[in-house]
Amino acid sequence: MRFKVTKYEHYIIRIIIIFLLLISYDSFWFGTSGIAIFTTIRNIFLMLLPLVLLVVNKPKISQKNGKILLFVILIVLFSSIINGNGVGAIALIISGMLLGLVFVNKYSATEFFSAFSDAILLIAAYSFLVWILVSLHFLPTSPISNMADAEMTTSCGCVFFPILANIAVRNSSFFREPGVYMILLNISLIFELFILTNKNRTIRVGLLIASLLSTISTAGIIICCIILLVFCYKQKISFITWIIIFIVISTALSMEVLLGDYINEMFGKFETMTEYGSGFARYSSVVVPLNIFLDNPLFGCGFTQFPIEYEKTGYELFHRYIDSKGLATNTFLNIYAIFGIFFGVFMTCGLYQFCKLISRGSKFYALLFCLIYFLMFSNESMPYFSFLYIFFYYGFNRSSSYDFLKNKGTFCPAHNN
């Protein structure tokens, strides 16, 4: 399949991606602010956008892509019917799938990944500038809170989480938590390092890393270091550079110890026992949904029942109350628990196919990228993140997405038009 994108379409896809990021379940203003009108706008936007794009573009849907869409619709429908759920979550998932159908027919993998990275970089540049000005007290901030009553501040549309007795703030950009923001930054970093070859790549990568540091996300920084390690391994860098990277990783790990107590204070409203810590939170986010899945292996417990089952199972396992709103942070295991094995396996296969795409067919690097993405999405619950399903569609259509691949099986940077 040969893709031809006009200059007009080149900018349109970037505008669409920015809107998909900002008007989403994972943004603060349209996701967790509790502002009813924004929630309504988000739902209407996510429902109408794929339908409008389908009508305008009239994509030729292959038999394989049609079967994938039908499979997902049937599985999430069965899960919702069996568990007595509504159609809200189903609609969000199907919206992402339909968008994937449109984009995979309209834009090459290179063009779409480039557009995604451009959108993230634009958001990062703006929010990093605001974060600097806020940190230097050049810009005023206003106190706000989310639906879970977590305290934060806002300035110029960006959201900041206070730490260190309000001396410093964590940059969350427009998103509901710094953890969500760091995932987007790291995805863009992977695209920049392993797929795109922009003329100003050093500046772009520098901005992404600086923005990651501004989130003060230990997990985000460590994942960033892992990505850089993989890149440096492929580039066969010098021993001195390895030493520098080791120092950076050691510093990131030290931040977990030095800042852990302060960061945990920020999420204090999610926790009810002093024994909670980041280690326990990560451990429970794996064990609890896994046990829920084992109790409901075929079609899961449903998204309505999930918070109840999470707290019930958590108490049975650890004899303490575990708030699902703050500690159920493992995207893929939550999907297994909510929708069961069929949709869970689809998500696992989709992740592998996507990682195989960005690794140019290399199984070793595909598994390595799978680990990286699993680590990313173990820090936040994002089952309704549209781009997951869009990326997976590109992975399932690798044969037509290899427009940037000259020698199949070789893992080397691609040309970015």
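Preceding block: the structure.
Residues numbered from 1 in each chain as written. Predicted model: local features only at pLDDT ≥ 70, side-chain atom pairs only at ≥ 80, totals over all residues. Heavy atoms only, no water.

1. Examining the packing of aromatic side chains
Following the criterion strictly, the structure yields 42 aromatic pairs and no others. Aromatic pair Phe299 and Phe342: ring centres 5.8 Å apart, planes at 45°, arrangement tilted. Linking Phe299 in the loop between α11 (278–295) and α12 (306–318) with Phe342 in helix α15 (residues 341–358), this pair joins segments that are 43 residues apart in sequence. Since its relative accessible area comes to 34%, Phe342 is described here as partly exposed. Here Phe387 and Phe391 contribute two aromatic rings whose centre-to-centre distance is 6.1 Å and whose plane-to-plane angle is 40°, an arrangement assigned as tilted. (Phe/Tyr/Trp six-rings, centres within 6.5 Å; stacked < 30°, edge-to-face > 60°. Helix = DSSP H or I, 4+ residues; strand = E, 2+ residues; numbered from the N terminus. Buried < 20%, exposed > 50% of the residue type's maximum accessible area, 1.4 Å probe, protein only.)

2. Regarding unusual backbone geometry
Unlike most non-glycine residues, Ile216 shows phi in positive territory, near 50°. With relative accessibility at 11%, the residue Ile216 sits in the buried group. A positive phi angle, close to 55°, is found at His319, a residue other than glycine. With respect to the helices and strands, His319 occurs in the loop between α12 and α13 (324–327). Owing to a relative accessible area of 62%, His319 belongs among the exposed residues under this scheme.

3. Here we look at the nonpolar core
Counting residues in hydrophobic clusters, the biggest one holds 116 residues, and the most contacted among them are Phe103, Phe112, Phe113, Phe191, Phe343 and Tyr373. In terms of residues, this core owes the most to one element, helix α6 (residues 109–135), which gives 13 residues. Residues within four places of Phe103 in sequence aside, it is in contact with Ile13, Ile16, Leu20, Leu53, Phe112, Ile390 and Tyr394. Listed in part, the five residues of the second largest apolar core include Phe28, Ala150, Val159 and Phe161. (Core = buried A, V, L, I, M, F, W, Y, C linked by side-chain atoms within 4.5 Å. Contact = heavy atoms within 4.5 Å.)

4. Observations concerning the layout of surface pockets
Estimates place the volume of the largest pocket at around 970 Å³. Along the walls of the largest pocket sit 29 residues, with Tyr25, Thr32, Arg176, Ser324 and Lys325 positioned nearest its centre. Taken together, the elements giving at least two residues each to the lining of the largest pocket come down to α2 (28–32), α3 (36–57), α5 (88–106), α12, α13 and α14 (331–339). Within the lining of the largest pocket, the residues separate by chemical class into 13 nonpolar, 11 polar and five charged. (1 Å grid on protein atoms, 1.4 Å probe; cavity = no way out; pocket = protein on both sides within 12 Å on 5 of 7 lines; lining within 4 Å. Points joined across faces, edges and corners; volume = space filled by probe spheres on them. Nonpolar A, V, L, I, M, F, W, Y, C, P; charged D, E, K, R; others polar.)

5. Here we look at the state of the cysteines
Within the structure shown, the criterion is met by zero disulfides. Here Cys156 is not disulfide-linked; the sulfur of Cys158 is the nearest cysteine sulfur, at 7.0 Å. Cysteine Cys355 shares no disulfide, and the gap to the nearest cysteine sulfur, in Cys370, comes to 3.8 Å. (Disulfide = S-S within 2.5 Å.)

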